[in-house]
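Summary of the model geometry
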Amino acid sequence: MAERILTGIKPTGQLTLGNYIGVLKNLPKMMDRGECFIFIADLHALTLPIDPEVLRQNSVDIASFYLAAGLDPKRVALFLQSEVSAHSELNAIMQNYLYMGELSRMTQFKEKSAKMKESGIGLGLFAYPVLMASDIVLYDANIVPVGEDQIQHVELTRDLVNRFNQRYGNVLQMPKAEMRKIGARIMSLSDPTKKMSKSDPKGDIFLKDDMATVRKKVMSAVTDSGSEVKYDEEKKPGISNLLTIYACLKDITIAEAEKHFVDYRYGDFKKEVAQAVVDELEPFQKRYQEIVDSKSYLEVLKEGARKASEVANKTLLRVKKAVGLLISK
Ligand code: ATP
Ligand code: MG
């Protein structure tokens, strides 16, 4: 079977350099590999409290960032999760095939609910992996490119597919998570033991930061004792993170990046990493702004939802028939 690739981003906050390196930068390569379905996971963004205007603006941003990153709307369906109703319909069916025990073991749920009172945790946050599994199987996706944080959810989706297919025959396509070899987990610049994350922004570089801010953030990134620029996640997490960022942006290996910086001191090293980020983000932001101003993302999203619905509705029908729901038309 040709590759069917599904990937999404939640409009929960300002996109970070982590999202850029983890997902957006790979877009051109991904489009060459197979048929891509790319969505803005706006229903997932509702699983934590969010201001309506912020949610709308974040969704505009993500659509525009995807297009600025080179997404070709003729080859790829780019759509809003909430505009393809099959996601919610399949979710209503699939919630019966994932269990409370396994959902409560999910790291994302544990992390995101840790600071909340139980009485304030929405059911949607707990049931998040059900909707995510529905997102994936709807498109018969066999490849799901993710950063490290979403691996566990794809594994759970695989369990669901096994369970469902054992019971009803070969109805659902088995997906596989795919993680970048380097850059799957860009760390916070202020605490390199924590993931750079848009919903918990500490030490993030945002894709909308101005260039002076970008430079300032890189220059004040937490580094480690010593003076050698060497990759060592345990002893030098800060330096390793900056090396990873540089290597990903320049499309080289960590070893090549280390070699490049072999005679550098931390200060000059940071300056060059900052320049690499600026070189990447400056033209990217310009393209983004043109797309936002022209509102061209609206037509793309509308057409994307139409294309995605065609595929998703077929899967939904297949599932409905398999579980015994009567079809009247
Ligand atoms: P949130 O805090 O809301 O979970 P997030 O920054 O983790 O936000 P997601 O919407 O969960 O972003 O993920 C979008 C995509 O970006 C996913 O494929 C995810 O694995 C990837 N990603 C997220 N953070 C990073 C990171 N720090 N490094 C590399 N990839 C990342
Ligand atoms: Mg995340």
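Residues numbered from 1 in each chain as written. Chains lettered and ligands numbered in written order. Predicted model: local features only at pLDDT ≥ 70, side-chain atom pairs only at ≥ 80, totals over all residues. Heavy atoms only, no water.

Moving on, we get to the site of ligand 1. By nearness alone, 22 residues border ligand 1, and Gly147, Asp149, Lys195, Ser197 and Ser199 come closest of all. At a separation of 2.8 Å, an oxygen atom of ligand 1 approaches a polar side-chain atom of lysine 112. Lysine 195 is positioned with one of its side-chain polar atoms (N or O) 2.6 Å from an oxygen atom of ligand 1. Protein chains shield 98% of the accessible area of ligand 1, which is 590 Å² for the free molecule. (Near = heavy atom within 4 Å. Polar contact = N/O pair within 3.5 Å; in protein donor to acceptor, adjacent residues only side chain to side chain. Areas by Shrake-Rupley, 256 points an atom, 1.4 Å probe, with all protein chains shown as cover.)

On to the pattern of salt bridges. Once their charged atoms are close, side chains differing in charge can pair, the charge on each being opposite to the other. Throughout the structure, instances matching the rule amount to 16 salt bridges. Note that glutamate 178 is salt-bridged to arginine 33, the shortest N-O span being 2.6 Å. In this pair, glutamate 178 sits in strand 5 (residues 176-178) while arginine 33 sits in helix 2 (residues 27-33), placing the two residues 145 residues apart along the sequence. A relative accessible area of 30% places glutamate 178 in the partly exposed class. Across the pair arginine 306 and glutamate 303 runs a salt bridge, and its minimum N-O distance is 2.7 Å. With a gap of three residues between them, arginine 306 and glutamate 303 both fall in helix 15 (residues 296-323), about one helical turn apart. Classification of arginine 306 by relative accessible area gives partly exposed; the value is 42%. (Salt bridge = Lys/Arg side-chain N within 4 Å of Asp/Glu carboxyl O. Helix = DSSP H or I, 4+ residues; strand = E, 2+ residues; numbered from the N terminus. Buried < 20%, exposed > 50% of the residue type's maximum accessible area, 1.4 Å probe, protein only.)

With that settled, consider the packing of aromatic side chains. Taken as a whole, this structure holds 13 aromatic pairs when the rule is applied. On the numbers, 5.0 Å between centres and 65° between planes, the contact of tyrosine 20 with phenylalanine 284 is edge-to-face. Pair noted here: tyrosine 20 is in helix 1 (residues 17-22) and phenylalanine 284 is in helix 14 (residues 266-294), with a separation of 264 residues, a long-range link. In this structure tyrosine 20 comes out as buried when scored by relative accessible area, which is 6%. Assessed through its relative accessible area of 0%, phenylalanine 284 is described here as buried. In textbook terms, an aromatic cluster arises when at least three aromatic residues are bridged by ring pairs, as seen for Tyr20, Phe65, Phe284 and Tyr288. (Phe/Tyr/Trp six-rings, centres within 6.5 Å; stacked < 30°, edge-to-face > 60°.)

Turning our eyes to something else, we now look at the side chain of glutamine 108. Locating glutamine 108 in the fold gives a position in helix 7 (residues 107-113). Judged by relative accessible area, which is 8%, glutamine 108 ranks as buried. Sequence-distant contacts of glutamine 108, defined by excluding residues within four places in its chain, comprise Lys10, Tyr128, Gln150, Gln152 and His153. (Contact = heavy atoms within 4.5 Å.)

Every α-helix carries 3.6 residues per turn, so stepping three or four residues along brings you back to the same face. Across its 18 residues, helix 10 (residues 151-168) extends 26 Å between first and last C-alpha, which sits within 8% of the 26 Å expected from 1.5 Å per residue. Those residues of helix 10 not exposed but buried are His153, Val154, Leu156, Thr157, Leu160, Val161, Phe164 and Asn165. Seen along its axis, helix 10 keeps its buried residues to an arc of 165°; they face one direction. Just downstream of helix 10 lies glycine 169, where phi reads positive at about 95°. (Expected span 1.5 Å × (residues − 1). Arc of directions from axis to C-beta.)

Bringing the environment of alanine 177 into the picture now. Here alanine 177 is to be found in strand 5. Residues alanine 177 and valine 154, 23 residues apart in the sequence, show an inter-C-alpha distance of 6.0 Å. Excluding anything up to four places from it in sequence, alanine 177 contacts Val144, Val146, Ile151 and Val154.

In this section: the pairing of strand 3 (residues 77-80). Burial of strand 3 is two-sided: the residues Ala77 and Phe79 facing one way and the residues Leu78 and Leu80 facing the other way are all buried. In terms of strand pairing, strand 2 (residues 35-40) meets strand 3 through four bridges, oriented parallel. Paired with phenylalanine 37 across the bridge in strand 3 is alanine 77. (Pairing = 2+ DSSP bridges.)

Segmentation of the protein chain into domains returns domain 1 (4-183 + 296-323) and domain 2 (211-291). Contacts between the two partners involve 17 residues from domain 1 and, on the opposite side, 14 residues from domain 2. Of the roughly 1400 Å² buried between domain 1 and domain 2, counting both surfaces, carbon and sulfur atoms make up 72%. In terms of surface lost to domain 2, no three residues of domain 1 exceed Tyr20, Ala68 and Ile182, which account for 34% of the buried area on that side. Between the two partners, domain 1 and domain 2, sit two salt bridges. Across the salt bridge formed by lysine 29 and aspartate 251, the nearest N and O atoms sit 3.8 Å from each other. Summed over the shared surface of domain 1 and domain 2, the result is four residue pairs in polar contact (both at pLDDT 80 or more). Counting residues per element, the ones that place at least two in the side of domain 1 that touches domain 2 are helix 1, helix 4 (52-68) and helix 15. (Domains from an automatic or database assignment. Buried area = accessible area lost by both parts, 1.4 Å probe.)

This part takes up the state of the cysteines. Throughout this description, disulfide means a covalent bond between two cysteine sulfur atoms. Going through the model one piece at a time under the given rule, you end up with zero disulfides. Cysteine cysteine 36 remains unbridged, with the sulfur of cysteine 248 as its closest cysteine sulfur at 19 Å. Take cysteine 36: its relative accessible area is 2%, and that puts it in the buried class. Under the relative-accessibility criterion, cysteine 248 is labelled buried at 3%. (Disulfide = S-S within 2.5 Å.)

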